[in-house]
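# Geometric and topological summary
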Amino acid sequence: MKSFQLASLISLLAASASAHSWLECVDTQVSNYDAAKANPSLDVQQTCNGYPRNKVSNGDWIQESQTYLWDLNNVSLNPDGLACRPSQTNTYPAGVPMTTARPGQNLRLRHWGNGHSRYDMGSPLHKDPGVVRLYHAGKKETDLKLKSDLVEQNWVRGAQANFSADAIIQITGNQMNEKANYFDWTVPSNLEDGRQSFIWVWAWGPAVTSNSANFNPATDYNNALLNSWTTCFDIMIVGSSATTSADTAGSSGSSTPSTDTCSKTCLKGGMAQYPCTGSDCPPCWYVSGGTTNCFEYGKDGTCPFGGAYDCKKNIQTRGATRFERTPFE
Ligand SMILES: [Cu+2]
């Protein structure tokens, strides 16, 4: 990536484009965050381990600024009031995988600043940059469908930050180069294993009411900040001890893995785009309904979650009691 050229191009385009942003990465690893925050002239060293949905033009800022972002309140583009761009289905092409995370894990999201990070410069001038926040339907394999679902009731409590609070921005005179805008949050501890879908939202305008001076992003929800732009993403939750409904409890005893398991197709790391069979697969297999997911051994050389069938050793691993949940039930 020619990041310097890209940054220059983005500043140029952002100055003339209407305000917009989208989520670029769900699990961003920044190796020199503190150094770059202190000295924004440094190149930000970052990689992405998990992406938002169906990022077919990943890395092409121009293409994505036309075909990936989602303008919630544009009635001609979004006549049905959908929360997600219709192309943002639960699909993860090769090279842009879904995020896998454990409850309680900290994730660093990255979105584009696009010239909108400061009140006193960029475009438009003298407008509060607003907040970014996350919404969730409250249970796995369930999507929020409509923009009218993006309300406080479905807000992931505490998953909110000022648009540019954690950004690395290089200022030269009255020009800014937004090198990276981040949004750090913690995956809620009460999510059960499986695919959990989220909506990232930039709440911004057009009728802007600034947050009050004592606004606390962890607890306060400002209805006056109108949700404007969204990107949809999923997290495959693993290693959770949370359980929810009675129906999952009822099914947990019936999907005990066995040697038959090892002859099926399994999904590496729980990701639909990485199917495998036989010895091409990692050793720890987990059955969930019609799907089988497989994972590598953990650092201690054993299967990472309870209830795996180890297809390498051909044994049922620890803790496969009927009360112990496997990752994808
Ligand atoms: Cu913009």
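Look above for the structure.
Residues numbered from 1 in each chain as written. Predicted model: local features only at pLDDT ≥ 70, side-chain atom pairs only at ≥ 80, totals over all residues.

With that out of the way, let us pick up the overall build of the protein chain. In terms of regular secondary structure, the protein chain is built from four helices and 18 strands. Counting every position in the protein chain, which comprises 329 residues, the buried fraction comes to 39%. Summarising the internal contacts of the protein chain: among those between residues at least 6 apart in sequence, 72% fall at separations of at least 24. (Helix = DSSP H or I, 4+ residues; strand = E, 2+ residues; numbered from the N terminus. Buried ≥ 20, exposed ≤ 12 C-beta atoms within 10 Å, placed from the backbone. Contact = placed C-beta atoms within 7 Å.)

Let us now look at the sheet that holds strand β15 (residues 284-288). The six strands lie next to each other as β14-β13-β16-β15-β17-β18, forming an open sheet whose pairing is mixed. Either end of the sheet is taken by a strand with one partner, and the two such strands are β14 (275-277) and β18 (315-316). Judged from the two bridges that link them, strand β13 (residues 265-268) and strand β16 (residues 291-295) form a sheet pairing that is parallel. When the sheet's bridge partners are listed, Lys 268 is paired in β16 with Cys 294. (Pairing = 2+ DSSP bridges.)

A few words now on the sheet that holds strand β9 (residues 168-172). The four strands are arranged β1-β6-β10-β9 in an open sheet whose pairing can be described as antiparallel. Looking at strand neighbours, the two that pair on one side only are β1 (23-25) and β9, the edges of this open sheet. Across the sheet, the axes of successive neighbouring strands diverge by a mean angle of 35°, strand direction being ignored. Inspection of the sheet shows β9 paired to strand β10 (residues 175-186) by five bridges, in the antiparallel sense. Bridged to Ile 168 within β10 is Ala 180. (Axes fitted to C-alpha atoms, helices over the stretch in contact; angles between N-to-C directions.)

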